[in-house]
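As a plain string of letters, each chain reads:
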Amino acid sequence: MLALVFLLSTGLLQMISSPCDAALLQDTCRRITTSHSGIGYDFCVASLRADPACASADRRGLAMIATRLSLAGASAAMSAIANMTGAKPNPRSRDCLGVCWEVYDAAIDHLNVAMRNIGAGRYREAVVFLSAAVDAPDNCEDAFREIGDGAPSSPLAHEDRDFGRVAAMALAITAAMG
């Protein structure tokens, strides 16, 4: 009995102390950042490693983690949009925020479908939905650029940039498997 407790605690300690398969994580991030320089190798490694599921993740698991991060980014953008809309912006900005809400709402739907497809091993189908989601930040930024009020970027530039990076990462990892 004592030996079993020792073996279980040793296994648990190893899982805690080695959060990810370093070789797989580094190889995956190296591969995707050579063709997608906007993601950044350090960002890729740190983002994926931060998720506890990384400890047992294979490449599919890394794609799932990146897609979950994308869902969190889209949700954060929608939260920011809701806060800005509640602050009673001018009508033109309100219209732009409405566009952003719509594209991020659609992105969340696309990401959820992509997650199901990744989980089922249907990577090509997942890529279609990830590709649709990855456009959300550009569409949001375009809405603010079109109002031409002289602002250098939209009030959602930070959220758009963060979502864009993780969504591109999810797309690149998944596309490499299909």
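Residues numbered from 1 in each chain as written. Predicted model: local features only at pLDDT ≥ 70, side-chain atom pairs only at ≥ 80, totals over all residues. Heavy atoms only, no water.

Looking at the overall build of the chain
For step 1, the next point in the chain: Scanning the chain for helices and strands turns up eight helices and zero strands.
For step 2, the next point in the chain: Ordered by position from N to C terminus, the α and β elements of the chain give α-α-α-α-α-α-α-α.
For step 3, the next point in the chain: A burial count over the chain gives 40% of its 178 residues as buried.
For step 4, the next point in the chain: Expressed as a percentage of contacts within the chain between residues at least 6 apart in sequence, the contacts between residues at least 24 apart total 68%.
For step 5, the next point in the chain: Within the structure as shown, the chain displays about 9,500 Å² of accessible surface, and the carbon and sulfur contribution to it stands at 59%. (Helix = DSSP H or I, 4+ residues; strand = E, 2+ residues; numbered from the N terminus. Buried < 20%, exposed > 50% of the residue type's maximum accessible area, 1.4 Å probe, protein only. Contact = heavy atoms within 4.5 Å. Areas by Shrake-Rupley, 256 points an atom, 1.4 Å probe, with all protein chains shown as cover.)

A look at the packing of helix α5 (residues 91-119) against helix α6 (residues 123-134)
For step 1, the next point in the chain: At a minimum axis separation of 8 Å, α5 and α6 run at an interaxial angle of 165°. Here α5 lies roughly antiparallel to α6, going by the angle between them. Note on packing geometry: the crossing formed by α5 with α6 is left-handed. Contacts between α5 and α6 pair A107, H110, L111, V113, A114, N117 and I118 from the former with Y123, E125, A126, F129, L130, A132 and A133 from the latter.
For step 2, the next point in the chain: For the contact of α5 with α6, a count of residues per class yields eleven nonpolar, two polar and one charged. (Axes fitted to C-alpha atoms, helices over the stretch in contact; angles between N-to-C directions. Parallel < 35°, antiparallel > 145°, perpendicular 65-115°, else oblique. Left-handed = near helix turned anticlockwise from the far one by under 90°. Nonpolar A, V, L, I, M, F, W, Y, C, P; charged D, E, K, R; others polar.)

Side note on the nonpolar core
For step 1, the next point in the chain: Among the nonpolar cores identified, the biggest contains 54 residues, and L48, L62, Y104, F144, L156, F163 and M169 are the most heavily contacted of them.
For step 2, the next point in the chain: Elements supplying a minimum of two residues to this core: α2 (22-35), α3 (41-49), α4 (59-86), α5, α6, α7 (136-147) and α8 (157-177). (Core = buried A, V, L, I, M, F, W, Y, C linked by side-chain atoms within 4.5 Å.)

What to know about unusual backbone geometry
For step 1, the next point in the chain: Here the phi dihedral of K88 falls at roughly 55°; this positive angle occurs in a residue that is not glycine.
For step 2, the next point in the chain: Relative to the assigned elements, K88 resides in the loop between α4 and α5.

Some remarks on the state of the cysteines
For step 1, the next point in the chain: Going through the model one piece at a time under the given rule, you end up with three disulfides.
For step 2, the next point in the chain: Between the sulfur atoms of C20 and its disulfide partner C54 the distance amounts to 1.3 Å. The sign of the 130° torsion about the S-S bond sets the C20-C54 disulfide as right-handed. Of this pair, C20 sits in the loop between α1 (2-17) and α2 while C54 sits in the loop between α3 and α4, and the two are 34 residues apart along the sequence.
For step 3, the next point in the chain: Taking relative accessible area as the criterion, C20 reaches 12% and is therefore assigned buried.
For step 4, the next point in the chain: What pairs with C100 in a disulfide is C140, and their sulfur atoms sit 2.0 Å apart. (Disulfide = S-S within 2.5 Å.)

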